[in-house]
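These are the residues of each chain, in order.
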Amino acid sequence: MLALPLAAGLSGLIFGYNPVIKLCSPLLKKPRSAYVLEDPEQQQFNQKIAVFSLAGGLVSFLAGWTIAGYLFSLMVGIAATVAILGFCIGCFLHHQWRMYTHRRKQAGLHK
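Residues numbered from 1 in each chain as written. Predicted model: local features only at pLDDT ≥ 70, side-chain atom pairs only at ≥ 80, totals over all residues. Heavy atoms only, no water.

## Considering the packing of helix α1 (residues 3-15) against helix α3 (residues 40-63)
Just so we agree on the cut-off: Helix axes are fitted to C-alpha atoms over the stretch in contact, other axes to C-alpha atoms as well, and angles between N-to-C directions run from 0 to 180 degrees. Every helix listed is a DSSP run of H or I at least four residues long, and every strand listed is a run of E at least two residues long, numbered separately from the N terminus. Should the near helix be turned anticlockwise from the far one by less than a right angle, the crossing is left-handed, and should it be turned clockwise, the crossing is right-handed. In this description, contact between two residues means that some pair of their heavy atoms is separated by no more than 4.5 Å. In this classification, the charged set is Asp, Glu, Lys and Arg, the nonpolar set is Ala, Val, Leu, Ile, Met, Phe, Trp, Tyr, Cys and Pro, and all remaining amino acids, among them Gly, are polar.
Two elements in contact, α1 and α3, have axes separated by 9 Å at closest approach and are oriented at 145°. Handedness of the crossing formed by α1 with α3: left-handed. Side by side, α1 and α3 meet where Ala3, Pro5, Leu6, Ala8, Gly9, Leu10, Gly12 and Leu13 of the first sit next to Gln44, Gln47, Lys48, Val51, Leu54, Ala55 and Leu58 of the second. When grouped by side-chain class, the residues that make up the contact of α1 with α3 number ten nonpolar, four polar and one charged.

As structure tokens, this is what we get:
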């Protein structure tokens, strides 16, 4: 069950092609060009988190580490559910990371 979304996520990271997006695009109510695009850097960051968590879940289940497998899988499920409700956990983490790196650069300039 985890291998299919993992393969789609890896495809998006490696080749820039996500088969789920391509398959579901005919279901859009408006033309694709009518939708506001998200920041590609942000999308890649979120995709990396999802792929890491899915891979962690799959590897954990294959290794017999059931609790770790469920925890990794649950993280992806919670993130997806919260995103549907309107809050992007990956976006929040990405913003915090960028602010952290910015503050470090600023602190380095003032030494």
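Don't stop here, the text continues.
## Some remarks on the environment of Cys91
Within the secondary structure layout, Cys91 lies in helix α5 (residues 89-109). In sequence terms Cys91 and Ile67 are 24 residues apart; their C-alpha atoms lie 27 Å from each other. With residues near it in sequence (within four places) discarded, Cys91 still touches Gln42 and Asn46.

## Description of the layout of surface pockets
This is how the line gets drawn: Cavities and pockets are defined on a 1 Å grid built over the protein atoms alone: a cavity is a set of grid points where a 1.4 Å probe fits but cannot escape, while a pocket is an open set with protein on both sides within 12 Å along at least five of seven lines, and lining residues are those with an atom within 4 Å of any such point. Grid points are joined across faces, edges and corners, and a volume is the space filled by probe spheres set on the points.
Its volume calculated, the largest pocket comes out at about 1700 Å³. Taken together, the elements giving at least two residues each to the lining of the largest pocket come down to α1, α2 (19-24), α3, α4 (66-84) and α5. For the lining of the largest pocket, the per-class residue count stands at 26 nonpolar, eleven polar and three charged.

## Some words on the state of the cysteines
The test is simple: Disulfide assignment relies on a single distance test, namely cysteine sulfur atoms paired within 2.5 Å. Residue exposure (1.4 Å probe, protein chains only): buried if accessible area is under 20% of the type maximum, exposed if over 50%, otherwise partly exposed.
Per the stated rule, a full pass over the model turns up one disulfide. With a sulfur-sulfur separation of 2.5 Å, Cys88 is cross-linked through a disulfide to Cys91. Looking down the S-S bond of the Cys88 and Cys91 bridge, the torsion is 75°, so its handedness is right-handed. What makes Cys88 partly exposed here is its relative accessible area of 24%.

## Overview of the packing of aromatic side chains
To keep things clear, this is the line we draw: Between rings of Phe, Tyr and Trp, where Trp is taken as its six-membered ring, a pair exists when centres lie within 6.5 Å; planes separated by under 30 degrees are stacked, by over 60 edge-to-face, and by other angles tilted. A ring is considered to have a charge above it if a Lys NZ or an Arg CZ atom is located within 6 Å of its centre and within 35 degrees of its normal.
Using the criterion set out here, one finds four aromatic pairs in the structure. With a centroid separation of 5.0 Å and an interplanar angle of 90°, the aromatic rings of Phe61 and Tyr70 are classed as edge-to-face. Look at Phe61 and you get partly exposed, because its relative accessible area is 32%. For Tyr70, a relative accessible area of 54% puts it in the exposed group. Ring centres of Phe87 and Phe92 lie 6.0 Å apart, and the angle between their planes is 45°; on these two criteria the pair is classed as tilted. The exposure class assigned to Phe87 is partly exposed, which follows from its relative accessible area of 43%. Lying over the aromatic face of Tyr35, Lys30 brings its terminal NZ or CZ to 4.9 Å of the ring centre.

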